[in-house]
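A structural walkthrough
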Amino acid sequence: LRLEQVESEQYWRSVARKIRRQAKGRAATDTARTFFKSSLRKRAQWLREVLFEAYEELDPRLPELVKALKDRGYHVAGLTNMDADRLEFLKLQFPFLQEVRWVRSAEVGATKPAEAAFDGAFGILQTEFGVTKPQQVLYVDDEARNLQYPAEQLGWQTLHADLQSDIALPDTRE
């Protein structure tokens, strides 16, 4: 099952089915027994809640970075492999994320780091923001593997941002 090919409810139901198949024949705790005896809908809801709790905090510099970019006239967009439910949860938990135009892998039919995901995102940036050249894109990612290939190879400017590094905003736009 590929995430970009299904709607959110289908995705979560498939996750619940997969866990049930893996647990068959194994000794189960009371919690696991309760989980697997519950309806598919309840299992999917429980999984959503548990998995979303993993996002307790984001890099504390991100709200300031998004604001600074927008104040300088940049359009801010994000490319993510997240499903719609998880992204909406994060946008509610971290309101500054609502200021970002999110391009989900499901929207472009490919997941990062596939070049097709970046090509699809660039098409959206062209249509919605009037971007005409790859050099006009500053791609920020906390995973270095997504920077060199394909972002830099496509001509995008890149910035590796993680909790241990300083984030320096570019001075000019091309």
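It should be noted that the structure appears before, not after, this text.
The rules we used
- Residues numbered from 1 in each chain as written.
- Predicted model: local features only at pLDDT ≥ 70, side-chain atom pairs only at ≥ 80, totals over all residues.
- Heavy atoms only, no water.
- Phe/Tyr/Trp six-rings, centres within 6.5 Å; stacked < 30°, edge-to-face > 60°.
- Helix = DSSP H or I, 4+ residues; strand = E, 2+ residues; numbered from the N terminus.
- Core = buried A, V, L, I, M, F, W, Y, C linked by side-chain atoms within 4.5 Å.
- Buried < 20%, exposed > 50% of the residue type's maximum accessible area, 1.4 Å probe, protein only.

**As for the packing of aromatic side chains**
Following the criterion strictly, the structure yields 4 aromatic pairs and no others. For the ring pair phenylalanine 122 and tryptophan 156, a centre distance of 6.5 Å and an interplane angle of 35 degrees mean the geometry is tilted. In this pair, phenylalanine 122 sits in helix H7 (residues 115-129) while tryptophan 156 sits in the loop between helix H8 (145-152) and strand S4 (157-160), placing the two residues 34 residues apart along the sequence. Taken together through their ring pairs, the aromatic side chains of Phe118, Phe122, Tyr139 and Trp156 make up a single cluster.

**Focus on the nonpolar core**
If you look at the biggest cluster of nonpolar residues, it comprises 15 residues, and the most contacted ones within it are Leu79, Phe118, Val137, Tyr139 and Trp156. Looking at this core, the element that brings in the most residues is H7, giving 6 residues. Core analysis: the second largest hydrophobic core is formed by 13 residues, Leu69, Tyr74, Val100 and Trp102 among them.

**With respect to the environment of glutamine 135**
Residue position: glutamine 135 is located in the loop between H7 and strand S3 (138-141). Among the residues examined, glutamine 135 registers a relative accessible area of 33% and is labelled partly exposed. Taking C-alpha positions, glutamine 135 is 8.8 Å from leucine 154, a pair spaced 19 residues apart along the chain.

**Here's the deal with unusual backbone geometry**
The omega torsion of the bond from lysine 112 to proline 113 falls at 5 degrees, within 30 degrees of zero and hence cis. Among the secondary structure elements, proline 113 is positioned in the loop between helix H6 (105-108) and H7. Cis geometry is adopted by the peptide bond preceding proline 150, which originates at tyrosine 149 and carries an omega value of 5 degrees. Following the sequence through the fold, proline 150 ends up in helix H8.

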